[in-house]
Amino acid sequence: MRNANPARVIAALTVLAALLVLSVPSSAAAFGFLTKWGSAGTSDGQFGASQGPEGIAVGAGGNIYVVDRGNNRVEVFSPSGAFLDKWGSFGSGDAQFNTPFGLAVGAGGVVYVVDSNNHRVEGFSSSGAFIEAWGWGVDDGANHFEICTSGCQAGLDGATGDGQFHSPTGVAVGAAGNVYVIGDGDERVQKFSSTGDFLGKWGSGPGSSDTQFHSPVGIGTDAAGNVYVADTDNNRIVEFDSNGSFMNKWGSMGIGGPGGQFFSPEGVTVDAAGNVYVADTLNNRVQKFSSDRTFLEMWGSNGSGDGQFSAPQQLTVDTAGNVYVSDTLNRRVQKFGEPSNEPPPGTQPPAGGGGSGTSSPGAKKKCKKKKKHHRSASAAKKCGKKKKKH
């Protein structure tokens, strides 16, 4: 969550309780709780007490990569939740983070992390070796877009320039290997090559037209290359083709309402069959839609028991159809699916997740620099909007 206002979360939970929306619909029985891991702390396998797990993706060997936002690191787990690896620390240098948020995995196991308050994207190998960073001024502080492979620094905060970021939140890898980045601070999607070259952008806001957003947080892609945006404060999902042409939208505001209604959805992911899963964050549930956007099922309620959530943020799905959810305020990850989807002991499902990209960043001999481009600034934020901590 974008450092959600605790009062807003508490108010939302109070309303949910008052409406007695604490039961899971019977249709959710086909998709059940499998396992969970994590708690508050700084040890291996734990997540930050101040800010829990956020971005999550399936990577090489079916391993699960999770952004531990509060501890400024990435943690890696087996599909069953066994801790495997970690990297990152607080700062603005190579492989350092300042409240990272989104994460995606491309072909070759390249891990892309949205380094939110450093206003940049970082790329790593599957084992955590730093590859590059991109954003404005990340190489030498210049006021234009740069790609840097060593000695990098924080990007220059801004919401107007091509390749510039204002606290980005979401990242996804498309079918062609391109990388899509979104942020609730600049109300647009930006498209990059797998190695960070700026390719295009779309969106404006805040607004509610087909090509406008209001505090979008999450982003996902499908096997056809289409892009899905969790348009959080518009309480909807918006679908585009890989170049930003509007295709579809669905959803409306609803506190504890029926399928297809959302309350601040922040995460979206798509499985191999084209089914779309949405983290309906302040309703404390996950919703599933078919490839034609028909509502199928939902599960979850407010709480800390198995299958319950406290502000679930992001989610991902593996090739076996299991869904992994960052249960942010419970400081844990939960895994859902059918028992038959569980791999036998000692085995792992094939690689996948984080989009179906086919390219990966390679090392560059030197940083690229691009001239500054201008774009009209988006409209001023409304005072009631949730804010990020810096």
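Residues numbered from 1 in each chain as written. Predicted model: local features only at pLDDT ≥ 70, side-chain atom pairs only at ≥ 80, totals over all residues. Heavy atoms only, no water.

Undergrad: A description of the overall build of the protein should follow, citing residues and the corresponding values.
TA: When its secondary structure is counted, the protein shows one helix and 28 strands. When burial is assessed residue by residue, the protein has 61% of its 390 residues classed as buried. Long-range pairs, those at least 24 residues apart, make up 53% of the contacts in the protein between residues at least 6 apart in sequence. Entry remark: accessible area of the protein is about 13400 Å², with carbon and sulfur atoms responsible for 53%. (Helix = DSSP H or I, 4+ residues; strand = E, 2+ residues; numbered from the N terminus. Buried < 20%, exposed > 50% of the residue type's maximum accessible area, 1.4 Å probe, protein only. Contact = heavy atoms within 4.5 Å. Areas by Shrake-Rupley, 256 points an atom, 1.4 Å probe, with all protein chains shown as cover.)

Undergrad: Outline the sheet that holds strand S16 (residues 227-231), listing residues and values.
TA: Strand order in this open sheet of four strands is S15-S16-S17-S18, and the pairing throughout is antiparallel. Looking at strand neighbours, the two that pair on one side only are strand S15 (218-221) and strand S18 (246-250), the edges of this open sheet. Taken pair by pair, the neighbouring strands of this sheet meet at an average axis angle of 20 degrees, ignoring direction. In terms of strand pairing, strand S17 (residues 236-240) meets S18 through four bridges, oriented antiparallel. Along S18, the bridge assignment pairs Phe-240 with Phe-246. (Pairing = 2+ DSSP bridges. Axes fitted to C-alpha atoms, helices over the stretch in contact; angles between N-to-C directions.)

Undergrad: Tell me about the sheet that holds strand S27 (residues 332-337), and please be specific about residues and values.
TA: Strand pairing in a sheet is mediated by backbone hydrogen bonds. Such pairs are either parallel or antiparallel. Across the sheet, which stays open at both edges, the four strands sit in the order S1-S27-S26-S25 with antiparallel pairing between neighbours. Among the strands making up the open sheet, the edge pair consists of strand S1 (32-37) and strand S25 (312-317). Each neighbouring strand pair of the sheet contributes to a mean axis angle of 25 degrees, computed without reference to strand direction. Where strand S26 (residues 323-327) lies against S27, five bridges are found, and the strand directions are antiparallel. Each bridged residue has a counterpart across the sheet, and for Val-325 the counterpart in S27 is Gln-334.

Undergrad: Outline the packing of aromatic side chains, supporting the account with residue identities and numerical values.
TA: Using the criterion set out here, one finds 23 aromatic pairs in the structure. Aromatic pair Phe-97 and Phe-124: ring centres 5.8 Å apart, planes at 55 degrees, arrangement tilted. Of this pair, Phe-97 sits in the loop between strand S5 (83-87) and strand S6 (103-105) while Phe-124 sits in strand S8 (residues 120-124), and the two are 27 residues apart along the sequence. Overall, Phe-124 belongs to the buried group, its relative accessible area being 0%. Aromatic pair Phe-192 and Phe-198: ring centres 5.9 Å apart, planes at 75 degrees, arrangement edge-to-face. Overall, Phe-198 belongs to the buried group, its relative accessible area being 19%. Aromatic ring contacts, followed pair by pair, group Tyr-112, Trp-134, Phe-145, Phe-165, Phe-192 and Phe-198 into a single cluster. (Phe/Tyr/Trp six-rings, centres within 6.5 Å; stacked < 30°, edge-to-face > 60°.)

Undergrad: So what's going on with the confidence of the model for the protein? Which residues, and what values?
TA: Averaged over all residues, the pLDDT of the protein equals 85, while 79% of them reach at least 70. Below pLDDT 50 for its whole length, residues 13-29 participates in 25 contacts with residues either more than four positions away or in separate chains. For the stretch residues 344-390, pLDDT sits under 50, and the model shows 148 contacts to residues farther than four places along the chain or on other chains. (pLDDT = per-residue confidence, 0-100.)

Undergrad: Please provide a residue-by-residue account of the state of the cysteines, values included.
TA: Under the counting rule described, the total for this entry stands at one disulfide. With a sulfur-sulfur separation of 2.4 Å, Cys-148 is cross-linked through a disulfide to Cys-152. As the torsion about the S-S bond is roughly -100 degrees, the Cys-148-Cys-152 disulfide counts as left-handed. (Disulfide = S-S within 2.5 Å.)

Undergrad: Talk me through unusual backbone geometry; I want residue IDs and the actual numbers.
TA: For the bond running from Gly-205 to Pro-206, omega is 5 degrees, close enough to zero to count as cis. Of note, Pro-206 is situated in the loop between strand S14 (198-202) and S15. The phi dihedral of Asn-235 is positive, around 50 degrees, even though this residue is not glycine. By the element assignment, Asn-235 lies in the loop between S16 and S17. The phi angle at Arg-293 is positive, at roughly 75 degrees, despite the residue not being glycine. Relative to the assigned elements, Arg-293 resides in the loop between strand S23 (285-289) and strand S24 (295-299). Assessed through its relative accessible area of 15%, Arg-293 is described here as buried.

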